[in-house]
Amino acid sequence: MDALRGIAAISVCLFHFSLFGYGCTGVDLFFIISGFVIFMSLTHVKSIKDFWFSRIIRLYPSYWLSIIIAVVSIKLFNDHPLPHNLKFVIGNITMFQPLFHTTNLADVYWTLYVEMSFYIIIFLLWLFNLFKNIELLILIGLVITATINGVYLITGNEYAQYTKFFVITRSIMPLLSHFQFFAAGIIFYICYTKGFNSYRVALLILTICEAAVAHSNSVMINSYLTIYEHVMCNIIFYMVFALIISNKLSFLKAKILIAFGNASYPIYLIHQSFGVSLKAYLNHITGEINSTIIAISCTLLLSFLITYFYDIPIRHWLRHKYLGKT
């Protein structure tokens, strides 16, 4: 999982540097990994407090530092005016930008709200002891989200009331268009612990079909990949997961891949606000190729520094303080 995180982060990074068009699907891979890891974590967690403490110290320290880096980068490289209203500040500090009807300081932050939405839903299922029915609940969730996305895809903007409902609902709960990936991650974990069967394979096929529906509507579609290319990338991710849980891809345990996996979160958080902005700033000074090399190198260097000299130490310190009190 660590290696896959690193691969996903580098893919998205290269995508935003306009070097790898398929890199946009790295976000899908992140969501599959989250489904797998978070479901696994909750099956072993001892208390509510333990779960949320682990999530908070994993997400927020590096995120808040990335906000500072983003603001400094904007001032240094772009000098674009930043909103000063309270909704913008609170929304970005909390990761709940859509609930405050405000924009993301860095574009990549949109995925963090999707992740948090998933955490809350899967936590509630665990809290009410519903994990024993998780496969049925996944099926119900897939049917609901497929229906909501499918009706919009079929009707388009023909029915103004439904269009309004869909756009508002999806803006508040963008998980509607990505639930299938988290669901796939959960199913792969179940396959890892209990084995594959026809029902689980059918659920995985259904998640692929839903990915096609979600990425076909005008809200999700992008100009970089066709729907067939996007779905094919998702199928490749599923094949990789199937091989991993069958212990067929041991080379992913290589130290260099795990190192990139450890730094994947900082890489993801700063590569656009810092790296892409630095590249744009250097373009007229060093040229396109050199500015790209410098910007990517600086992004990776800064990400590793954040990981090993800030993120990991502060998590260890906070965990020590937490365990001391509990």
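Residues numbered from 1 in each chain as written. Predicted model: local features only at pLDDT ≥ 70, side-chain atom pairs only at ≥ 80, totals over all residues. Heavy atoms only, no water.

1. Structural notes on the overall build of the protein chain
Here is step 1 of the chain: Helices and strands together make up the secondary structure of the protein chain, namely 13 helices and zero strands.
Here is step 2 of the chain: Taking 2.2 N^0.38 as the reference for a compact globule, 326 residues should give roughly 20 Å; the C-alpha atoms of the protein chain span a radius of gyration of 20 Å, in line with that estimate.
Here is step 3 of the chain: Expressed as lengths along the three principal axes of its C-alpha atoms, the size of the protein chain is roughly 55 × 55 × 40 Å.
Here is step 4 of the chain: Counting every position in the protein chain, which comprises 326 residues, the buried fraction comes to 48%.
Here is step 5 of the chain: In the form shown here, the protein chain has an accessible surface area of approximately 16100 Å², with 70% of it arising from carbon and sulfur atoms.
Here is step 6 of the chain: Taken as two groups, the 20 positive and 12 negative side-chain charges of the protein chain have centres that lie 13 Å from each other. (Helix = DSSP H or I, 4+ residues; strand = E, 2+ residues; numbered from the N terminus. Rg over C-alpha atoms; globule rule 2.2 N^0.38 Å. Buried < 20%, exposed > 50% of the residue type's maximum accessible area, 1.4 Å probe, protein only. Areas by Shrake-Rupley, 256 points an atom, 1.4 Å probe, with all protein chains shown as cover. Lys, Arg positive; Asp, Glu negative; His and termini not counted. Charge placed at Lys NZ, Arg CZ, Asp CG, Glu CD.)

2. Observations regarding a nonpolar patch on the surface
Here is step 1 of the chain: A cluster of nonpolar residues, Ile48, Ile120, Leu124, Leu127 and Phe128, forms a patch on the protein surface that exposes about 440 Å² of accessible area.
Here is step 2 of the chain: Residue contributions to the nonpolar patch peak at three residues, all from helix H5 (residues 110–127).
Here is step 3 of the chain: According to the relative accessible area criterion, isoleucine 48 is partly exposed, its value standing at 39%. (Patch = residues over 30% accessible without salt bridge, like charges linked within 9 Å, V, L, I, M, F, W, Y side chains within 5 Å. Salt bridge = Lys/Arg side-chain N within 4 Å of Asp/Glu carboxyl O.)

3. Regarding the packing of helix H1 (residues 2–16) against helix H12 (residues 264–286)
Here is step 1 of the chain: Contact geometry of H1 with H12 gives a least axis separation of 9 Å together with a crossing angle of 10 degrees. Between H1 and H12, the angle falls in the class roughly parallel. For the pair H1 and H12, the contacting residues are Arg5, Gly6, Ala9, Ile10, Val12, Cys13 and His16 in the first and Ser264, Ile267, Tyr268, His271, Gln272 and Val276 in the second.
Here is step 2 of the chain: Its residues placed into classes, the contact of H1 with H12 shows seven nonpolar, five polar and one charged. (Axes fitted to C-alpha atoms, helices over the stretch in contact; angles between N-to-C directions. Parallel < 35°, antiparallel > 145°, perpendicular 65-115°, else oblique. Contact = heavy atoms within 4.5 Å. Nonpolar A, V, L, I, M, F, W, Y, C, P; charged D, E, K, R; others polar.)

4. Some words on the packing of aromatic side chains
Here is step 1 of the chain: For the coordinates displayed, the defined rule picks out 29 aromatic pairs.
Here is step 2 of the chain: For the ring pair phenylalanine 39 and tyrosine 189, a centre distance of 5.8 Å and an interplane angle of 70 degrees mean the geometry is edge-to-face. Here phenylalanine 39, found in helix H2 (residues 26–44), pairs with tyrosine 189, found in helix H8 (residues 179–194); they are 150 residues apart in sequence, far enough to count as distant.
Here is step 3 of the chain: Since its relative accessible area comes to 5%, phenylalanine 39 is described here as buried. (Phe/Tyr/Trp six-rings, centres within 6.5 Å; stacked < 30°, edge-to-face > 60°.)

5. Here's the deal with the pattern of salt bridges
Here is step 1 of the chain: Summed over the entire model, instances satisfying the criterion amount to five salt bridges.
Here is step 2 of the chain: One connected set of salt bridges, linked through shared partners, spans Arg58, Asp311 and Arg315.

6. Let's talk about the environment of isoleucine 90
Here is step 1 of the chain: Looking at the element boundaries, isoleucine 90 is found in helix H4 (residues 86–94).
Here is step 2 of the chain: A relative accessible area of 30% places isoleucine 90 in the partly exposed class.
Here is step 3 of the chain: Taking the C-alpha atoms as reference points, isoleucine 90 and phenylalanine 100, ten residues apart in sequence, are found 7.8 Å from one another.

7. What to know about helix H6 (residues 134–155)
Here is step 1 of the chain: Between its first and last C-alpha atoms H6 spans 31 Å; for 22 residues at 1.5 Å apiece the expected length is 32 Å, and the two agree.
Here is step 2 of the chain: Turning to H6, its buried residues are Ile134, Glu135, Ile138, Gly141, Leu142, Thr145, Ile148, Asn149, Gly150, Tyr152 and Thr155.
Here is step 3 of the chain: Its buried side turned inward, H6 meets H2, H5, helix H7 (160–172), H8 and helix H9 (198–214).
Here is step 4 of the chain: Positive phi shows up at glycine 156, right after H6, with a value of about 60 degrees. (Expected span 1.5 Å × (residues − 1).)

8. Here we look at the nonpolar core
Here is step 1 of the chain: Core analysis: the biggest nonpolar cluster contains 85 residues, and Tyr63, Tyr109, Ile122, Ile134 and Tyr238 have the highest contact counts within it.
Here is step 2 of the chain: In this view, tyrosine 109 contacts Tyr63, Ser66, Ile67, Ala70, Asn92, Gln97, Asn104 and Leu269; residues no more than four positions away in its chain are not counted.
Here is step 3 of the chain: Residues Tyr152, Tyr162, Phe166 and Leu176 belong to the second largest nonpolar core, which totals five residues. (Core = buried A, V, L, I, M, F, W, Y, C linked by side-chain atoms within 4.5 Å.)

9. Focus: unusual backbone geometry
Here is step 1 of the chain: Of note, serine 18 is a non-glycine position whose phi angle comes to about 60 degrees, a positive value.
Here is step 2 of the chain: Here serine 18 is to be found in the loop between H1 and H2.
Here is step 3 of the chain: Positive phi is not limited to glycine here, since histidine 101 has a value of about 50 degrees.
Here is step 4 of the chain: Among the structural elements, histidine 101 can be located in the loop between H4 and H5.

10. What about the layout of surface pockets?
Here is step 1 of the chain: As a volume, the second largest pocket reaches approximately 510 Å³.
Here is step 2 of the chain: Lining the second largest pocket are 25 residues, and of these Arg5, Ser34, Arg55, Arg58 and Tyr265 sit closest to its centre.
Here is step 3 of the chain: Top element by residues in the lining of the second largest pocket is H2. It accounts for eight residues. (1 Å grid on protein atoms, 1.4 Å probe; cavity = no way out; pocket = protein on both sides within 12 Å on 5 of 7 lines; lining within 4 Å. Points joined across faces, edges and corners; volume = space filled by probe spheres on them.)

11. Focus on H4
Here is step 1 of the chain: Where H4 is concerned, the buried positions are Phe88, Gly91 and Asn92. Axial view of H4: buried residues confined to an arc of 90 degrees, hence all on one face.
Here is step 2 of the chain: Against helix H3 (48–78) lie the buried residues of H4.
Here is step 3 of the chain: Between the side-chain oxygen of the N-cap and the backbone nitrogen of lysine 87 there are 3.3 Å, and the N-cap of H4 in question is asparagine 85. (Arc of directions from axis to C-beta. Polar contact = N/O pair within 3.5 Å; in protein donor to acceptor, adjacent residues only side chain to side chain.)

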